[in-house]
Amino acid sequence: MNRRRVVITGMGVVSPVGNNVETAWNNVKNGVSGLGNISLFDSSRLKVHVDAEVKNFNIEDYGISSRATRKMARFSKFCLAASAQAIEDAGYTKETLQAEKTGVLLGCCIGGMDATSDAFKKLFDSEGGPDRMPPLTTPLMISNEGAANVSIYYGLKGFSWTLGTACASGTDALGLAVDLVRSGRVDLCLSGGTEAAITEFAVASFQVLQALSTHFNDEPQKASRPFDKERDGFVLGEGSAVFMLEELEHAKARGAKIYAEVAGFGSSCDAYHITAPLPDGSGAALAVKEALEDAGMKPEEIQYYNAHGTSTRANDKGETAMLKAAFGDHAYKLHVSSTKSMTGHLVGAAGAIEALFCVKAINEGFVPPTINLDNQDVEGGCDLDYTPNKGVKAEITAAASASLGFGGHNGCIIIKKYIE
């Protein structure tokens with residue numbers, strides 16, 4: 001029995017590099033950084049003053065009234081806007097989508113941190129207390145509310161799930177959604193990731209872990225520098241990317257445009273440490289090998305790999321080791337890049353936006369760069385081709401993207417050019 005094939009028929013994004021697909025892709029393609037100094041709160045008490053914020057976001061630009069989103073946290077608004085783009089791009093409307101067998105499956109790691117932080121301030125303020133906390137704190141902050149709000153707004157009564165596997169959330173959500181479409185549970189699934197965790201509490205939490213960059217506060221666009229000798233931590237970002245995943249025959253029957261096919265998914269756990277990856281990359285390599293097996297592909301059939309590439313010492317070295325373990329000698333022939341050098345780390349949405357860039361790379365035959373890669377850390381184990389500072393043209397028929405999260409969660413998605 002032939003397995004149902006899953007294709008991408010719509011895409012949407014809200015991000016530090018642009019609030020629609022073409023703007024975000026063109027900026028990444030041209031090496032334009034979305035990083036800057038923190039403006040969402042006063043960072044004077046912190047050592048970290050750099051982030052990657054969504055800019056000029058207005059929910060009404062997507063045909064959604066601000067009144068409809070009054071009871072939503074920032075992360076929910078982001079994924080609703082990205083979903084609206086994906087739905088329209090796929091050729092659906094609110095009315096026609098309700099008639100289809102549709103699910104919603106989003107990755108989200110942290111949830112409504114803005115609502116959580118506001119509630120903390122009310123609770124611990126000298127003139128505050130429990131009775132001063134906003135009454136909608138719980139429904140604003142819990143991570144499932146992004147998917148729930150998409151379902152509520154569009155009247156979708158199929159499954160509405162949220163997957164939380166730290167920084168692998170977006171990738172794992174896409175992979176699980178693909179399996180659900182393959183299984184026949186749904187014909188359509190809105191899937192991707194969303195996150196909006198740039199608050200003083202969240203940044204301070206990562207700061208005390210010594211996970212964030214602190215050396216480039218005066219030059220914020222240089223702070224995210226994966227695989228570079230001067231890297232000193234990741235830069236926290238925010239945003240959402242959402243896809244319309246669709247069963248192939250269903251898409252063909254309605255004459256839908258098809259961007260690409262999602263060919264394979266793999267997942268694993270390092271079972272090693274609550275924050276650090278396995279140094280030899282063997283845990284994450286299992287996810288990549290599983291994705292290749294699921295896709296029925298050989299390592300040599302992948303031309304581009306969008307790296308997790310966080311700009312931390314441990315990740316960049318361990319991920320390079322992972323690529324060698326998973327791809328063998330072909331790792332040295334891969335086009336690799338980390339678009340986090342421009343977007344920052346979108347946490348639960350990271351894998352989703354990176355999958356989107358894989359689709360665009362395939363469609364346009366172009367490998368986006370890793371910017372700020374001025375002095376590659378070859379001695380530190382980072383000795384592959386990371387496409388430094390300037391993108392390159394290349395024939396790409398298949399791309400892979402892996403995400404490696406706290407707790408040892410690893411996910412890998414393989415996307416290939418659609419061929420009937």
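First things first, this report covers the structure right here in the doc. (Residues numbered from 1 in each chain as written. Predicted model: local features only at pLDDT ≥ 70, side-chain atom pairs only at ≥ 80, totals over all residues. Heavy atoms only, no water.)

### Remarks on the pairing of strand β6 (residues 188-195)
To be explicit about the condition: For every residue, the accessible area obtained with a 1.4 Å probe (protein chains only) is divided by the maximum for its type, and the residue is called buried under 20%, exposed over 50%, and partly exposed between those limits. Secondary structure elements are taken from DSSP: a helix is a run of H or I of four residues or more, a strand is a run of E of two residues or more, and numbering for both begins at the N terminus. At least two bridges found by DSSP between two strands is the condition for calling them paired.
Most of β6 sits out of view: eight of its eight residues are buried. Here β6 shows no split at all, with Leu 188, Leu 190, Gly 192 and Thr 194 on one side and Cys 189, Ser 191, Gly 193 and Glu 195 on the other all buried. The pairing of strand β4 (residues 102-107) with β6 spans six bridges and is classified as parallel. Counted as the bridge partner of Thr 102 is Leu 188 from β6. By the bridge criterion, eight bridges tie β6 to strand β7 (residues 239-247) in an arrangement that is antiparallel. From the neighbouring strand, Gly 193 faces β7, where its bridge partner is Ala 241.

### Quick notes on the layout of surface pockets
Unoccupied space between atoms shows up once a probe the size of one water molecule is rolled over them. Basically, it comes down to this: The definitions used throughout rest on a 1 Å grid laid over the protein atoms alone, on which a cavity is an enclosed set of points accommodating a 1.4 Å probe that cannot get out and a pocket is an open set flanked by protein within 12 Å on both sides along at least five of seven lines; lining residues are those having an atom within 4 Å of a point. Grid points are joined across faces, edges and corners, and a volume is the space filled by probe spheres set on the points. By the convention adopted, Pro, Cys, Tyr, Trp, Phe, Met, Ile, Leu, Val and Ala count as nonpolar, Lys, Arg, Asp and Glu as charged, and the other residues, Gly among them, as polar.
Size it by volume and the largest pocket reaches roughly 430 Å³. In terms of lining residues, the largest pocket is bounded by 23 residues, among which Ala 211, Thr 275, Thr 312, Ala 314 and Phe 406 are the most central. Ranked by residues supplied to the lining of the largest pocket, first place goes to helix α11 (residues 313-327) with three residues. Along the lines of polarity and charge, the residues of the lining of the largest pocket split into ten nonpolar, ten polar and three charged. Its volume calculated, the second largest pocket comes out at about 190 Å³. Sorting elements by how many residues they give to the lining of the second largest pocket places helix α4 (residues 113-124) first, with four residues. Among the residues forming the lining of the second largest pocket, the class breakdown is four nonpolar, two polar and six charged.

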